[in-house]
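# Fold and geometry: a report
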Amino acid sequence: MNARAALALLALLCGGTLAQSASEPGFGGLVGAEAPGFALPKPGTPLVFPKDHGAHPDFRIEWWYLTANLKGADGEEYGVQWTLFRYALEPNAARIGWDDRNIWMGHAAATSMASHRFAQKIARGGVGQAGVEAAPFRAFIDDWAFETRDEAPGAGLKRLHIRARGANFSYALDLDADGPLALQGENGFSRKSDEGQASYYYSQPFFRVEGALSLDGRETKVSGRAWMDREWSSQPLGPDQKGWDWFSLHLASGEKLMLYRMRAAKGPLFLFGNWIAPDGSSAPLGRNDISIEPLETTPAAAGREPPTRWRLKVESRGFDVKTRPLNPRSWMGTDTPYWEGPIRIDGSHEGEGYLEMTGY
Amino acid sequence: MTRQTLLWTLLALLSHWRRHKANLATVILGLGIATALWSGVQALNAQARRSYDDAAAIFSGENASMLVASRGGLFPQELFVKLRRAGANVSPALEGSIRIDDHQLRLVGVEPLTLPRSAPMAHMRERENIADFFSGPGRAFVAPETLRRLGLAPGARPLTERGRQLPPLAALEEAPPGAIVVDIGVAQRLLGREGKLSRLVVADDAPIDPARLAQITGDALRLVGPQEDNELARLTGSFHLNLTAFGFLAFLVGFFIVHAAFGLAFEQRLPLLRTLRALGVSARALIVAMLIELVFFTLIAGGAGVFGGYLMARALLPNMAASLEGLYGAHIPESLALDASWLLSGLVMASAGALLAAGSGLSKTLRLPVLSVARPIAWREAHHRYLRRQGIFASLALLGAGAAFFLGESLAASFAVIAGALIGAALLLPLALAGALTLGERLSRRPLARWFFADGRQELPGLSLALMALLMALAANIGVGGMVEGFRLTFTGWLDERLAAEIYYEATSPADAREIEDWARAQTDIAAVLPVWRARTRLDGWPVEVIGMTPHETYTAHFPLIEATPDVWRALFEEDAVLISEQLARRLGLALGAALDIPTSGENFRAHIVGIFPDYGNPRGQLRIAHQRLAAKFADASGVHYSLRVAPEATARVMEEMQRRFGAKIARILDQAEIKKLSTDIFERTFAVTAALNTLTLIVSGIALFASLLTLADMRRARVAPVWALGATRSRLATLELARVMMFAAGAALLALPLGLFMSWRLVAGVNVAAFGWRLPFHMFPAQWGEVFIIALGAAFLAALLPTARLARAAPSELLKVFSNER
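Residues numbered from 1 in each chain as written. Chains lettered and ligands numbered in written order. Predicted model: local features only at pLDDT ≥ 70, side-chain atom pairs only at ≥ 80, totals over all residues.

- Under an unreviewed UniProt entry, chain B has the name ABC transporter permease and belongs to Methylocystis borbori.
- The heading Subcellular location (unreviewed entry) in the UniProt record of chain B holds the text "Cell membrane". (UniProt positions renumbered as here; feature names shortened; annotations may be inferred.)

- An unreviewed UniProt entry lists chain A under the name Lipocalin-like domain-containing protein, from Methylocystis borbori.

Structure representation (structure tokens):
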């Protein structure tokens, strides 16, 4: 789940007003506002591949998102994030040249216990500076790319390469999928509020990763696991929704778990999750089955205090763990700031994953 | 030195000014005027420079560099994408010009998302919803000043001369004056340059090294530094240097006044200084008191001068803005911005001037022997020493001028020659006048006549500085006036030849142009249809226009050439040949027969030079090639510019018919007379500022003369009284005084003539060539000399009128007082 990119873009596009609106409840309403002329997700619509790997110009927002938990040849643990985000200013945004009304934004980060480096890129669509092609799969913005290593038809997202660079970091990783795609929610239709906000949402949580990472001038070979998310919508947030806490976890058992918590300015939390078996079959988790509670906060930039230790429970699965971050200062100081970094879990289950928190 | 001593010393010193109000007025006036003229010119220059910087800084902060097409012109957008995909942080831009009604404006297309944060325009990200900039109808940002000038309200959507509609206008402070800032895509559409860019802005925190650039884009793009890129600043540099030179001349004249006034004040205060010293005031205390006095003057007169300079600049700004726009397409806001830098520069100049002017007095005060007897006008007794010193300095200045003359042909050297000659001649003036007076004394027999000349020598040092100022002002008037008149003459004649066709028009698009051309060729009224397509290129980094020519007597019989091969026209139309403008020839050091590689939209076009033509007033270089070659070599040639040969009596009818028939398909149509008027207007306005400065300088020197005479009048009484006592009537004496002053002025005017001619020659043959790249024929205007002579005498007469009238009406008792007290 990655709608914060939408907020970041809005921040950028609306200029100075953004900083204010971000601190006020209801800024989610901007993204979730009525979207006349844009398509809306409908339950029961089957996802079609490879078409759905590509862009959906009928929808307002969309993202391609990857997080990886890595182990370096130097024995250190690392985390890597790569996001490409599309935002349409008008319906039917895909046009020729500068008339195109899509804005693309990339975020990338590399994290170790001691360091967290990030970068942001923004581009207009239509001229070839940024974009996504469904098959052969290719997502790019400037020199950052997330693309197939296998040009054969039907290769889908099985063998990919991803790279990005920013100040004091860069990475180039090869990804190989060990399992199938996992459809989130109801066969890819994912509700985001009781008011009907929803998105299309699928994941590929089974990537094996090999590659090289350079952080603060130190280069190392890395390997590990990665999780890819794909989501598109026109109104992913409810008007009152203020931010969220999102977890993607690789369990030692080979199972995968996605959990999230939407915080509203007033009113109850909206909880949701998905338990993904090693064969890719996923089981939605109801809100009464889940508990997501913060334990401890870490001061970040500008007086913000995001929680960096959590207690997560899924009663039906006997899942009860505490999370701890690899680097509690995994703050993304991008146009719209948020926290995103690798975590470990201990308790009833062992594992690793990623945590994203917005709206703090 | 106690504070009390200092205070009393200061008060004693200041009491002098209370008793000598004319002297005080001279100091204040001189310093004020000098500062005003200097800071006024500085304000004009600062205003213009700032707007060039603004114009250049749309894209970038102070130090950003740019990528432009190696061969000039536009380059495909794919290069931008290629660089971005290789990780280079560059932002695309496209510039061009559009016309809205009668206003020529610079259109700037930017891409706000990639624009470096240091770019002033990037601030719109904070203030405006930038999505509005490139979505929906978009936005066209203009400076509020420009919006006012266009007479349009925010939200208006005017049409360009191509009939394309602008996005709604919006006022934005950061927008450079005279420019419209739109999205890159909008700019491409408005200019008809889809997929093309004129430059890439390189983010200053992520520089590109040339090796990497070559790896990505081959040799298509070239990296230019921030300084190199400011084309306007480069084109207008000489214009401003000229202005500065005149500002400095004006300052110099003002400085002479102050120097004279301080000299007189020092002399008049000698007895007071001695008394103070005798009373035990140390030399140091005296100096400190005098310095405080000086600071006081500087603040009052300098402050007033800076304010006066501001008023002057404000009055001259519209003319300067118009001429800069006409000549260079530079847009200068017409409301003058107050700027601490020129305010400060004015005050610094004022204090430096005051200190320098008072320097000799101060140093003499330090060396003042305490016990020597009070001897008024003591330093005038050192008359010979004074003349010798003048002579030495004059020789030095003239030697300097000579050295500069042989040193080089740069603009600075040319100005140095003129400055040296002016100062040298000014210093020589008292010597020449003293010589003339000595000669007069020797030649005359009658005692009164002999006294007339002898006393003139006594009066000379007191007046010499004012006379020197007058000389410089007169010479500058003759020099600059001659240059301007000469230019006017040449320019008008040249325009007549150059504008041989009767009608000039510009079609809205090449398709419209073809339609109009087809129609025109079928008309019996129209004798010839001459395409004058143009393209742009760059030679040696200099912007150059390429214009096509058709074989027709319009050119072969009329087009003015400075130098040409015998079969110039045949060669031009049949071979790979080119005519180049005088400016270009000088700048690139090219001569007839030389080969020139001209960057085109494809391969370079190698042509040999068959003619050099004058191109007065054009800051850009110009090339003329055969129309066929232009059309073939330059894919981006305008294709819309034409001129028509029509029988003069049919001109109006044809123009009306064309406007009726083609309406908006014609972007602009002008007849010969209108074009000539436009050109001469630009010319007139260009020299309006120079002429104004010249007149001001002349007025200042007149004031200097007046002030000196007024100050001298009291002392003169001591000299005149004995002659009166010996029987000469007061009116006789007054007439003699008047005659003497007029004689001095006539002497200055006589010396000013050769000096002015020399200056005019150096302006035409040195400064103009170095500054603008063209050499005008040297003309002389005797009527103008007569005028200047009369001005000189008139000024002297007016200046001397009041002091001599006072002498004529002085009560005998006043004159008798001379004998009753110490005087």
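### Considering the overall build of chain A
- When helices and strands are tallied, chain A shows three helices and 23 strands.
- Long-range pairs, those at least 24 residues apart, make up 58% of the contacts in chain A with a sequence separation of at least 6. (Helix = DSSP H or I, 4+ residues; strand = E, 2+ residues; numbered from the N terminus. Contact = placed C-beta atoms within 7 Å.)

### What to know about the overall build of chain B
- Across its full length, chain B holds 26 helices and 21 strands.
- Here chain B holds 823 residues, and the buried ones make up 46% of them.
- Here the contacts in chain B between residues at least 6 apart in sequence split such that 84% fall between residues at least 24 apart. (Buried ≥ 20, exposed ≤ 12 C-beta atoms within 10 Å, placed from the backbone.)

### Some points on the nonpolar core
- If you look at the biggest cluster of nonpolar residues, it comprises 141 residues, and the most contacted ones within it are Ala469(B), Leu470(B), Leu471(B), Met472(B), Leu474(B) and Ala748(B).
- Per element, the largest residue contribution to this core is 21 residues, and it comes from helix H16 (residues 447–498) of chain B.
- Ranked by size, the runner-up nonpolar core spans 93 residues in total, among them Val132(A), Phe270(A), Trp310(A) and Phe319(A). (Core = buried A, V, L, I, M, F, W, Y, C linked by C-beta atoms within 7 Å.)

### Quick notes on the pairing of strand S12 (residues 198–215) of chain A
Residue and element names in this part refer to chain A.
- Burial within S12 is extensive, with 13 of its 18 residues counted as buried.
- Of the strand pairs in this sheet, strand S9 (residues 169–177) and S12 are connected by nine bridges, and their pairing is antiparallel. Following the sheet pairing, Phe 169 is matched in S12 by Leu 215.
- With three bridges joining them, strand S11 (residues 189–191) and S12 adopt antiparallel strand pairing. Bridge assignment links Phe 189 to a residue of S12, and that residue is Tyr 200.
- Once S11 ends, the chain turns through six residues before running back antiparallel as S12, passing Gly 196 with a positive phi of about 110 degrees.
- The sheet contact formed by S12 and strand S13 (residues 218–233) spans 14 bridges and is antiparallel. (Pairing = 2+ DSSP bridges.)

### Details of the sheet that holds strand S12 (residues 526–531) of chain B
Residue and element names in this part refer to chain B.
- Spatial ordering of the open sheet is given by S12-S20-S11-S21, a layout of four strands whose pairing is antiparallel. Across the chains shown, the open sheet's two edge strands, defined by having one partner strand only, are S12 and strand S21 (666–671). Neighbouring strand axes in the sheet, compared pairwise and without regard to direction, differ in orientation by 20 degrees on average.
- The sheet contact formed by S12 and strand S20 (residues 641–646) spans five bridges and is antiparallel. (Axes fitted to C-alpha atoms, helices over the stretch in contact; angles between N-to-C directions.)

### Describing the packing of helix H15 (residues 411–443) of chain B against helix H24 (residues 730–772) of chain B
Residues and elements named next belong to chain B.
- At a closest axis distance of 10 Å, the pairing of H15 and H24 adopts a crossing angle of 170 degrees. By the criterion of interaxial angle, the relationship of H15 to H24 is roughly antiparallel. Contacts between H15 and H24 involve Leu 411, Ser 414, Phe 415, Val 417, Ile 418, Ala 421, Leu 422, Ala 425, Leu 429, Ala 432, Leu 433 and Ala 436 from the former and Phe 744, Gly 747, Ala 748, Leu 751, Leu 755, Phe 758, Met 759, Arg 762, Gly 766, Val 767, Ala 770 and Ala 771 from the latter. (Parallel < 35°, antiparallel > 145°, perpendicular 65-115°, else oblique.)

### Some thoughts on the sheet that holds strand S9 (residues 199–202) of chain B
All names here are of chain B.
- Read from one edge to the other, the open sheet built from eight strands follows the order S6-S5-S7-S4-S3-S9-S1-S10, with strand pairing classed as mixed. Both outer strands of the open sheet, strand S6 (169–171) and strand S10 (221–224), are each paired with one neighbouring strand and no more. Along the sheet, successive strands turn relative to each other by an average axial angle of 30 degrees, direction set aside.
- Across eight bridges, the pairing between strand S3 (residues 90–100) and strand S4 (residues 103–110) is antiparallel. Opposite Ala 93, over in S4, you have Val 110 as the bridge partner.
- On top of the sheet, helix H3 (residues 78–85) reaches S3, S9 and S10; it is set at about 155 degrees to S3, its chief contact.
- Helix H7 (residues 184–191) rests against S3, S4 and strand S7 (179–183) of the sheet, and its axis sits at about 135 degrees to S4.

### Quick look at the environment of Leu705(B)
Residues and elements named next belong to chain B.
- Its place among the elements puts Leu 705 in helix H23 (residues 672–725).
- Judged by the 28 C-beta atoms lying within 10 Å of it, Leu 705 is buried.
- Sequence separation of Leu 705 and Met 468 is 237 residues, and the distance between their C-alpha atoms is 9.6 Å.
- Those residues in contact with Leu 705, other than ones at most four positions away along the chain, are Ala 466, Leu 470, Ala 795, Ala 796 and Ala 799.

### Remarks on the confidence of the model for chain B
Residue and element names in this part refer to chain B.
- Here chain B averages 82 in pLDDT, while 90% of its residues score no lower than 70.
- H3 holds the highest mean pLDDT among the elements of chain B, 94, whereas helix H13 (residues 378–381) holds the lowest, 48.
- For residues 376–380, every residue scores under 50 in pLDDT, and the model assigns this stretch eight contacts once sequence neighbours within four places are set aside.
- Here the predicted complex carries an ipTM of 0.90, next to a pTM of 0.60. (pLDDT = per-residue confidence, 0-100.)

### Here we look at H7(B)
All names here are of chain B.
- Of all eight residues that make up H7, seven are buried, and the element is covered over most of its length.
- Within H7, the full set of buried residues consists of Ile 184, Gly 185, Val 186, Ala 187, Gln 188, Leu 190 and Leu 191.
- Summarising the contacts, the buried residues of H7 are in contact with S3, S4, helix H5 (130–134), S7 and strand S8 (196–197).
- Backbone geometry just downstream of H7 places Gly 192 in the positive-phi region, at approximately 65 degrees.

### Here we look at the confidence of the model for chain A
Residue and element names in this part refer to chain A.
- Confidence in the prediction for chain A averages 87 pLDDT; 89% of positions are at 70 or higher.
- Helix H2 (residues 17–23) is the least confidently modelled element of chain A, averaging 32 in pLDDT, while S9 averages 97, the highest of any element.
- Segment residues 1–5 is flagged for pLDDT under 50; beyond a separation of four residues in sequence, or across chains, it makes 20 contacts in the model.
- Below pLDDT 50 for its whole length, residues 7–33 participates in 61 contacts with residues either more than four positions away or in separate chains.

### A few points about unusual backbone geometry
All names here are of chain A.
- Of the consecutive residues Phe 49 and Pro 50, the connecting peptide bond is found in the cis state with omega at 10 degrees.
- A cis amide bond links Ala 135 with the next residue in sequence, Pro 136, at an omega value of -10 degrees.
- Relative to the helices and strands, Pro 136 resides in the loop between strand S5 (130–133) and strand S6 (138–141).
- The backbone phi angle of Asn 168 is positive, close to 70 degrees, even though this residue is not glycine.

### A few points about the pairing of S7(B)
Residues and elements named next belong to chain B.
- Most of S7 is tucked away: five of the five residues are buried.
- In terms of strand pairing, S4 meets S7 through five bridges, oriented parallel. Across the sheet, Gly 109 pairs through a bridge with Val 182, a residue of S7.
- Pairing analysis gives two bridges linking strand S5 (residues 140–142) to S7, with the strands arranged antiparallel. Counterpart to Phe 141 in the pairing with S7 is Val 181.

### A closer look at the environment of Gly106(A)
All names here are of chain A.
- Among the structural elements, Gly 106 can be located in strand S3 (residues 102–112).
- Judged by local crowding, Gly 106 falls into the buried class, with 25 C-beta atoms found within 10 Å.
- With 35 residues separating them in the primary sequence, Gly 106 and Ile 141 have C-alpha atoms 6.7 Å apart.
- Not counting residues within four places of it along the chain, the set of residues in contact with Gly 106 comprises Thr 83, Leu 84, Gln 120, Lys 121, Ile 141 and Trp 144.

### Considerations on helix H25 (residues 782–808) of chain B
Residue and element names in this part refer to chain B.
- Taking 1.5 Å as the rise per residue, H25 with 27 residues should run 39 Å; its terminal C-alpha atoms sit 37 Å apart, in good agreement.
- Of all the bends found along H25, the most pronounced is centred on Leu 801 and spans about 40 degrees, while Pro 803, a proline, follows it within four residues.
- Taken as a whole, H25 has its buried residues at Trp 785, Val 788, Ala 792, Ala 795, Ala 796, Ala 799, Ala 800, Pro 803, Thr 804 and Leu 807. (Expected span 1.5 Å × (residues − 1). Bend = angle between axes of the 7 residues up to and from the residue.)

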